[in-house]
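The chain contents come next:
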Amino acid sequence: MKRLLLVGLLVFALPLWISCAKKDDSGKTKQQGAQKETEVTMTIPEHIPHYDLKIKLRQYTKVDMGYDAAVLSDPEKEALGKLVQAGRVVDDIFFRQVWSGNAALEKQLNDVHAYSHERPSSEIGENHTLILDMIRYYNINFGPWDRLAVDSPFMGSLPKPQGANFYPEDMTKQEFDSFLAQHPDKDEEFRGYFTAIRRKDGALTAVPYSEEYKDLLAKAAGLLREAADILTKPENTAKVAKGVDYTTLAAYLRSRADAFSSNSYRQSDMDWMDVKDNTIDVTIGPYEVYEDALFGYKASFETFLAIRYPADSKKLEGIKRYIPKLEASLPIPAEYKNTSRGTESPVSVVDLVYSAGDTKAGVQTIAFNLPNDEAVRDAKGTKKVMLKNVSKAKFDMILLPITEQVLDPSQMDQVVFDAYFNNTLMHELSHGLGPGTIHRKDGTETTVNRELKDLYPAIEEAKADILGLYCTKMLQKEGFFEKGMDTKGYVCFLPGFFRAIRFGASSAHGNANMMEFNFLREQGAISLDQESGKFRVHLGKMPAAVEAMAKELLMIQALGDYDAASAFIEKYGQSSPELDTLLAKLKDIPVDIEPVFKAEEYLDKSLQRHVHNVPQPQEHQH
Ligand code: ZN
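About the thresholds
- Residues numbered from 1 in each chain as written.
- Predicted model: local features only at pLDDT ≥ 70, side-chain atom pairs only at ≥ 80, totals over all residues.
- Heavy atoms only, no water.
- Helix = DSSP H or I, 4+ residues; strand = E, 2+ residues; numbered from the N terminus.
- Buried < 20%, exposed > 50% of the residue type's maximum accessible area, 1.4 Å probe, protein only.
- Contact = heavy atoms within 4.5 Å.
- Areas by Shrake-Rupley, 256 points an atom, 1.4 Å probe, with all protein chains shown as cover.
- Pairing = 2+ DSSP bridges.
- Axes fitted to C-alpha atoms, helices over the stretch in contact; angles between N-to-C directions.
- Donors = N, O, S within 2.8 Å, 3.2 Å for Na, K, Ca; no water.
- Salt bridge = Lys/Arg side-chain N within 4 Å of Asp/Glu carboxyl O.
- Parallel < 35°, antiparallel > 145°, perpendicular 65-115°, else oblique.
- Left-handed = near helix turned anticlockwise from the far one by under 90°.
- Nonpolar A, V, L, I, M, F, W, Y, C, P; charged D, E, K, R; others polar.
- Phe/Tyr/Trp six-rings, centres within 6.5 Å; stacked < 30°, edge-to-face > 60°.
- Lys NZ or Arg CZ within 6 Å of the ring centre and 35° of its normal.
- pLDDT = per-residue confidence, 0-100.
- Expected span 1.5 Å × (residues − 1).
- Core = buried A, V, L, I, M, F, W, Y, C linked by side-chain atoms within 4.5 Å.

Novice: How would you summarise the overall build of the protein if you had to cite specific residues and measurements?
Specialist: From N to C terminus, the protein includes 26 helices and 15 strands. Taking all 622 residues of the protein together, the buried fraction comes to 56%. Look at the contacts in the protein between residues 6 or more apart in sequence, and 76% of them connect residues 24 or more apart. Accessible surface, the protein: about 27,200 Å² in total, of which carbon and sulfur atoms supply 51%.

Novice: Which residues make up the sheet that holds strand β7 (residues 301–308), and what values go with them?
Specialist: Spatially, 5 strands are ordered β6-β7-β8-β10-β9 in an open sheet, and the strand pairing comes out mixed. The open sheet is flanked by β6 (280–286) and β9 (367–370), the only strands paired with a single partner. Averaged over neighbouring strand pairs, the angle between their axes works out to 35 degrees when direction is ignored. Relative to strand β10 (residues 383–387), strand β8 (residues 347–357) is paired through 4 bridges, and the arrangement is parallel.

Novice: Report on the coordination of the zinc ion, specifying residues and quantitative values.
Specialist: Reference values for angles at a metal are 109.5 degrees in the four-donor tetrahedral case and 90 or 180 degrees in the six-donor octahedral case. Only H427 (NE2), H431 (NE2) and E461 (OE) from the protein coordinate the zinc ion, and they sit 2.1 Å from it. Site description for the zinc ion: donor spacing in sequence, H-x3-H-x29-E. Of this pair, H431 sits in the loop between α19 (417–430) and β11 (437–439) while E461 sits in helix α21 (residues 456–477), and the two are 30 residues apart along the sequence. According to the relative accessible area criterion, E461 is buried, its value standing at 13%.

Novice: Give me the lowdown on the pattern of salt bridges, citing residues and values where you can.
Specialist: Using the criterion set out here, one finds 30 salt bridges in the structure. Salt-bridge contacts for D187 lead to R191; the nearest nitrogen and oxygen are separated by 3.1 Å. Here D187 and its partner R191 are both found in helix α9 (residues 187–191), 4 residues apart, which amounts to about one turn of the helix. What you see here is one network of salt bridges that share partners, running through R147, D151, K160 and E291.

Novice: Quick rundown of the packing of helix α4 (residues 74–98) against helix α11 (residues 214–232)? Include the residues and the values.
Specialist: Think of two packed helices as two axes; the pair is described by the angle between the axes and how far apart they sit. Where α4 meets α11, the axes come as close as 9 Å, and the angle between the chain directions of the two elements is 165 degrees. Accordingly, the angle class assigned to the pair α4 and α11 is roughly antiparallel. The chirality of how α4 crosses α11 is left-handed. Residue-level inspection shows P75, E76, E78, A79, K82, L83, Q85, A86, V89, D92, I93 and R96 of α4 in contact with α11, the latter providing D215, L216, L217, K219, A220, L223, L224, E226, A227, I230 and L231. Class assignment of the residues belonging to the contact of α4 with α11 gives a composition of 14 nonpolar, 1 polar and 8 charged.

Novice: Account for the packing of aromatic side chains, with residues named and values stated.
Specialist: What the rule picks out here adds up to 37 aromatic pairs. A ring pair is formed by F176 and F295, whose centres lie 4.5 Å apart and whose planes are at 35 degrees; its orientation type is tilted. In this pair, F176 sits in helix α8 (residues 173–182) while F295 sits in the loop between β6 and β7, placing the two residues 119 residues apart along the sequence. Taking the relative accessible area as the measure of exposure, F176 reaches 0% and is therefore buried. Ring pairs connect the aromatic residues Y193, F194, Y209, Y213, F260, Y265 and F301, which therefore count as one cluster. The ring centre of F421 lies 5.6 Å from the NZ or CZ of K388, which sits over that ring. When the ring centre of F417 is taken as reference, the NZ or CZ atom of K392 above it lies at 5.7 Å.

Novice: Talk me through the confidence of the model for the protein; I want residue IDs and the actual numbers.
Specialist: In this model, the protein carries a mean pLDDT of 85, and residues with pLDDT of at least 70 account for 88%. Note on residues 1–40: pLDDT is under 50 here. Beyond four places in sequence and across chains, it has 71 contacts.

Novice: An account of helix α23 (residues 508–522) is needed here, citing residue identities and associated values.
Specialist: Compared with the 21 Å implied by 1.5 Å per residue over 15 residues, the 21 Å span of α23 between its first and last C-alpha is a close match. G510, N511, A512, N513, M514, M515, E516, F517, N518, F519 and L520 are the residues of α23 that are buried. Positive phi appears at G524, one or two residues downstream of α23, with a value of about 80 degrees.

Novice: Any chance you could break down the environment of T61 for me, citing the residues and the numbers?
Specialist: Here T61 lies in strand β1 (residues 60–65). Taking the relative accessible area as the measure of exposure, T61 reaches 16% and is therefore buried. Along the backbone, T61 and P595 are 534 residues apart, and their C-alpha atoms lie at a distance of 8.3 Å. Not counting residues within four places of it along the chain, the set of residues in contact with T61 comprises M397, P590, D592, I593 and E594.

Novice: Explain the environment of F517 to me, and be specific about the residues and the numbers.
Specialist: Here F517 shows up in helix α23. Between the C-alpha atom of F517 and that of F498, which follows or precedes it by 19 residues, the distance is 9.2 Å. Residues within four places of F517 in sequence aside, it is in contact with L494, F497, F498, I526, F535, E578 and L579.

Novice: Can you explain the nonpolar core? Please cite residues and give values.
Specialist: Counting residues in hydrophobic clusters, the biggest one holds 162 residues, and the most contacted among them are L253 and F498. Those residues in contact with F498 that sit more than four places away from it in its chain are I402, V406, F517, F535, L579, L582, L583 and L586. Listed in part, the 24 residues of the second largest apolar core include L53, V98, W99 and V591.

Quick look at the structure:
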């Protein structure tokens with residue numbers, strides 16, 4: 001006899017359940033049987049009371065992702081609906097990529113939610129809100145691990161598998177390496193971006209994504225083709241704004257749909273680079289490898305749907321002209337400057353209308369630079385896309401409140417969105433400046449990345465931040481930026497440190513920010529007013545301090561000097577009591593945003609309420 005256990009104090013048995021979910025047979029019994037009689041067991045782990053979960057949720061503030069819908073014609077709205085639907089499929093794929101137990105856990109949460117929803121509050125008390133909170137945090141994190149707390153579990157107690165669901169959970173690094181040592185012919189497919197490693201009859205095998213996610217990818221491909229057809233139908237093309245032509249976007253959508261079944265993504269990456277400036281901007285597929293913390297080989301699925309503002313993008317295109325000049329102006333000897341880099345990388349400014357998968361998990365992306373395929377990068381360069389409305393939301397909801405706590409009030413008026421946005425733009429641009437390939441004296445070659453190894457990300461991020469400020473000043477001198485942009489940039493940088501440090505000092509960005517703060521503080525470009533407990537930026541000292549730091553970082557890179565990088569990080573990468581005190585003052589300010597997408601209104605009516613089979617928490621008032 002099956003029983004419902006969700007009564008009274010909620011006899012939650014989640015940790016127990018999670019350990020069952022890993023095994024196939026016991027997982028299956030939970031999913032069989034008629035709805036009502038399904039055994040619903042769930043336990044809140046004692047170490048995380050509801051109060052703690054509420055504090056965790058407060059780290060994310062909900063934001064409506066607004067954009068100007070007036071620029072869209074009816075066919076574009078219809079196509080957007082199909083693309084949003086494809087994005088939902090991408091969410092499903094990413095849930096699967098994160099953890100093998102996600103499908104079963106999601107069902108469990110839905111069952112418990114449905115059950116509690118039918119009960120009077122006198123019977124279940126606060127447990128209904130507790131379940132909604134769990135579902136919300138689960139959806140934000142795409143699994144039961146807290147992305148803002150080094151992936152510690154907030155439901156159950158299982159540690160997150162390092163290789164997510166890209167590898168068998170019991171596979172070690174050694175097993176993978178020794179398998180490849182014995183089967184060198186399998187190297188490419190095993191280390192490839194687009195395969196999952198599975199165990200078949202006890203032996204490791206590489207399964208192409210096209211097979212691993214076949215059901216979902218077929219669905220997504222169909223939707224991409226539908227969107228392409230809508231955008232290119234002759235009766236529809238007449239309805240879109242003058243000068244907008246979706247031929248190139250449709251070519252990308254179709255070749256990407258083909259890639260979902262062929263598992264060969266290069267052609268569609270090429271097509272993505274060739275997409276002309278249209279109103280709708282689409283990026284969908286397997287891209288970044290951060291989720292694979294075991295090796296960093298496997299690509300996660302994600303989607304960005306956006307609306308482009310041609311005027312903003314065109315203005316930024318103008319920066320490209322200055323790239324050779326900026327490289328020539330770097331404060332290092334000429335022999336270390338990189339004069340062979342391409343300058344063809346386009347920059348787009350867009351408003352995000354929908355995102356899905358990897359990019360939506362945890363902290364929200366404000367800019368991206370794709371594709372990652374080196375062959376495509378060599379042939380076509382990369383495209384930088386800046387998500388303006390996401391930046392604006394973070395500026396309003398997070399940066400301004402931080403500014404009020406940390407910055408001397410007399411400098412508050414310098415903190416403006418344009419300068420903040422510009423710092424991000426210049427950061428992205430600066431990744432493309434400075435040493436890349438290192439020519440050794442003995443005639444051999446290596447790269448900065450290879451020489452700095454694990455320290456490379458932190459040094460590279462710090463370089464991009466600092467060079468960003470350096471270049472803003474240069475571009476102002478050239479007349480590209482209006483007067484005062486440099487000083488606003490310096491001041492905006494200070495609350496920016498605090499915003500980034502809160503993502504965790506162990507992350508490359510957090511670590512980089514710690515180094516920048518400490519270096520500039522040592523140079524006297526930032527000082528603390530003991531009385532008010534707030535920091536002040538010394539505009540007169542900033543240019544020289546920025547140049548000094550740029551020089552140190554660029555020379556570490558130019559020489560590929562691992563020891564110097566290590567010493568620099570050791571010296572400047574540590575927090576201090578004064579910083580810890582200030583960070584504690586910021587604890588009530590959200591760490592990041594949780595986007596709420598208006599674009600879901602373009603979906604067919606029947607789909608509008610479906611969000612992972614879980615009603616949106618805000619739709620319930622209990
Ligand atoms: Zn960066």
